[in-house]
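Here is how the chains run, residue by residue.
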Amino acid sequence: MIHKIKNYQPVPAAENQYSIPFMEKNRTLVLREDQDEILVGVEKRDPDLEDILIRYHQGAEKNVKFVLIESRDLSLLLARLVSDQGLSKGTLEEDQRSLSLDHLAGDAPVINLVNSIIMEGIEQGASDIHLEKFRNRLVVRYRVDGILHVGRELEPSVFSYISSRIKIMAHLNIMETRLPQDGRITVQLGSDEADLRVSIVPLTGEGESIVLRILHRTMAPMGVDQLGYSESHLRELLELAEKSHGLVLVTGPTGCGKSTTLNSLLRHIYTPGKKFISIEDPVEYVVDGIDQIQTNDEIGLSFSSILRRVLRQDPNVIMIGEIRDRETADLAIRSALTGHLVFSTLHTNDALSAVPRLMNMGVEPYLLASVLKGITAQRLVRKVCPVCGKKRELTEREREIFKSAGMAAPDRLSEGIGCPQCDNSGYSGRTLINEIISVTEEWEDLISRGDGRDALRRNAREKGIESLLADGLTKAAAGITTLLEVERVVKS
Ligand SMILES: [Zn+2]
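Residues numbered from 1 in each chain as written. Predicted model: local features only at pLDDT ≥ 70, side-chain atom pairs only at ≥ 80, totals over all residues. Heavy atoms only, no water.

A.B. asks: I'd like a description of the nonpolar core, backed by residues and values.
C.D. replies: The biggest cluster of nonpolar side chains holds 39 residues, and the ones touching the most others in it are Leu247, Leu249, Leu358, Leu368, Leu372 and Ile447. Considering each element in turn, this core owes the most residues, five residues, to helix α11 (residues 326-337). Here leucine 368 is in contact with Leu247, Ile333, Val355, Leu358, Met359, Val363 and Ile447, once residues within four sequence places are set aside. Counting residues in each nonpolar core, the second largest holds 32 residues, with Val140, Ile166, Val198 and Ile200 among its members. (Core = buried A, V, L, I, M, F, W, Y, C linked by side-chain atoms within 4.5 Å. Buried < 20%, exposed > 50% of the residue type's maximum accessible area, 1.4 Å probe, protein only. Helix = DSSP H or I, 4+ residues; strand = E, 2+ residues; numbered from the N terminus. Contact = heavy atoms within 4.5 Å.)

This is the structure we're talking about:
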């Protein structure tokens, strides 16, 4: 029986647990929630969707009941919820049309709007917030688990107020709209403190691109065993990290979790009996007991200039945020040669490419061979959502992927079909996939001969060293992530 919607008052947008894209895609919404029952309106009975929604509401310990509602009524209700959400935007515009910009940026509606944009990002666990003004729209996007998604769209005319407000918060020049500016904002969140790195770049035409990078300064890095390493890879990594001296490299593109891995490793091997110094850009986690120094190019504090100074303090363990140039590479090698344990990162696609990259920077092969202890490459993959993840048969193409990697295909793979918990993405949280190479005597010979990447790769294959792709396929086969995710990140 189809229920007439006039019997129901939809739950206001703010209390409705489903996001608007989820409701629109699945044609559903919460009609009513009381002490012991959640009443969900649906356009048609779909056991899959109902199953997911029941699991989603499990924590509430209430009876979840489904009622059919007419398609037209559902559309009307959804439209009403969407326009409710847009209300604050309308008020903002009307209040401010005739006032001056700097005055406005300090006005309550603008402050509230900017605060709510920031808080929404933090609540979603975003790593960065992007504000961009295009010709007819103003888009706020949040990067969650590595992927940008549209958080809200606002009236483009409010952009200058938002931009000025952010500039005030970050102590920047609000009159400057032609030159890029960088700044920071500290946000107090209960006992946690978030640091927002603000980058404002003027765009051609009109408008600016604003990016706020969110760093949780007081949040401890994860324990090494929580990063997502397979048991054997973790054992190998810890063996490398516990060497008394030498060079250990973590490689991968921007945003693949290299600094989280290094910070977790440092915390794991920390002992008060040794001096630890870490040079970072920026410092993402504060680790107790470790001397952390942030680079600052504007005042000449580069990785190499800081490194040269800190070596006089005789540290045992040194972390260099990134090797970008010959000077830093030379200093890192020299430190490792003189009895220090040095950790650093390089921007390369796979572990072995670090060797030719350092040689291209001018490092002598025999020096590199004598200090390099190990290299790991990593990527972050999104994990299948635990609420809506389902097992399914493999397609022919998927079987082929396992076959060409020389692996047995699993019977089934997991895939999230989308639920309110994961905002319809099918994914929730991230883990890493990686490859790891411990430098043996044989590797030392190859490296000191100056062999290229292909020769090194061939040797790795002969030795049966598991590649990034193979580790990813193993995790997809185990239902932790999907093949699509693995392919996406391995190609990057
Ligand atoms: Zn889900």
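Let us keep going from here.
A.B. asks: Any details on the coordination of the zinc ion? Residues and values, ideally.
C.D. replies: Ideal coordination angles are 109.5 degrees for a metal with four donors arranged tetrahedrally and 90 or 180 degrees for a metal with six donors arranged octahedrally. Protein-derived ligands of the zinc ion are Cys385 (SG), Cys388 (SG), Cys419 (SG) and Cys422 (SG), with the metal-ligand distances lying across 2.3 to 2.4 Å. Taken together, the four donor atoms coordinating the zinc ion span angles of 106 to 114° at the metal, a pattern that classifies the geometry as tetrahedral. One chain supplies every donor to the zinc ion, and in sequence these donors are spaced C-x2-C-x30-C-x2-C. Of the two residues examined, cysteine 385 and cysteine 388, each falls in the buried class. (Donors = N, O, S within 2.8 Å, 3.2 Å for Na, K, Ca; no water. Tetrahedral: all angles 85-135°; square planar, octahedral: opposite > 155°, others 65-115°.)

A.B. asks: Tell me about helix α14 (residues 396-404), residues and numbers included.
C.D. replies: Three or more residues of α14 are buried, namely Glu398, Ile401 and Phe402. Each buried residue of α14 lies within a common arc of 95° when the element is viewed along its axis, so the set occupies one face. Exposed positions of α14 whose direction lies more than 90 degrees from the buried face are Glu396, Lys403 and Ser404. Positive phi appears at glycine 406, one or two residues downstream of α14, with a value of about 70°. (Arc of directions from axis to C-beta.)

A.B. asks: Could you give me a rundown of the domain arrangement of the chain, with the residues and numbers involved?
C.D. replies: Assigned domains within the chain: domain 1 (2-84), domain 2 (87-216) and domain 3 (224-491). Centre-to-centre, using C-alpha coordinates, domain 1 lies 44 Å away from domain 3. On the domain 3 side, the residues contacting the 12 residues of domain 1 number 12 residues. Between domain 1 and domain 3 lies a buried interface of about 930 Å² when both sides are counted; carbon and sulfur atoms form 57% of it. Counting every contact that joins domain 1 to domain 3 gives one salt bridge. Lysine 390 is the salt-bridge partner of aspartate 48, the closest N and O atoms lying 2.8 Å from each other. Remark: the boundary between domain 1 and domain 3 carries three residue pairs in polar contact (both at pLDDT 80 or more). Residue assignment for the side of domain 1 that touches domain 3 shows that the elements contributing at least two residues are α1 (20-26) and α2 (47-56). (Domains from an automatic or database assignment. Buried area = accessible area lost by both parts, 1.4 Å probe. Salt bridge = Lys/Arg side-chain N within 4 Å of Asp/Glu carboxyl O. Polar contact = N/O pair within 3.5 Å; in protein donor to acceptor, adjacent residues only side chain to side chain.)

A.B. asks: Describe the sheet that holds strand β9 (residues 192-202), naming the residues involved and giving the relevant values.
C.D. replies: One open sheet holds the six strands; their spatial order is β7-β6-β5-β10-β9-β8, and the pairing between them is antiparallel. Looking at the sheet topology across the chains shown, the edges are occupied by β7 (147-154) and β8 (181-189). Between one strand and the next, the sheet's axes are offset by a mean angle of 20°, whatever the strand orientation. Sheet topology note: the β8/β9 ladder contains nine bridges and is antiparallel. Considered in β9, the bridge of isoleucine 185 is made with leucine 196. (Pairing = 2+ DSSP bridges. Axes fitted to C-alpha atoms, helices over the stretch in contact; angles between N-to-C directions.)

A.B. asks: Would you mind going over the pairing of strand β10 (residues 208-216) in detail, with residue names and values included?
C.D. replies: Across the nine residues that make up β10, a large majority, seven, are buried. When strand β5 (residues 128-133) meets β10, the two strands line up antiparallel, connected through five bridges. Within β10, the position partnered with histidine 130 by the bridge is valine 211. Here β9 pairs with β10 via nine bridges, running antiparallel.

A.B. asks: Hey, could you go over the environment of isoleucine 129 for me, with residue numbers and the actual values?
C.D. replies: With respect to the helices, strands and loops of the structure, isoleucine 129 is situated in strand β5. Classification of isoleucine 129 as buried rests on a relative accessible area of 0%. Taking the C-alpha atoms as reference, isoleucine 129 lies 5.8 Å from arginine 141; in sequence the two are 12 residues apart. Once residues lying within four places of it in the same chain are set aside, the contact partners of isoleucine 129 are Ile117, Ile118, Gly121, Val140, Arg141, Tyr142, Ile210, Val211, Leu212 and Ile214.

A.B. asks: I'd like a rundown of the confidence of the model for the chain, residues and numbers included.
C.D. replies: Per-residue pLDDT for the chain averages 87, and the proportion of residues at 70 or more is 90%. Element-level mean pLDDT values for the chain span from 38 in helix α4 (residues 87-96) up to 98 in strand β11 (residues 246-251). This model gives residues 86-100 a pLDDT under 50, and the stretch forms 17 contacts once residues within four places in sequence are excluded. (pLDDT = per-residue confidence, 0-100.)

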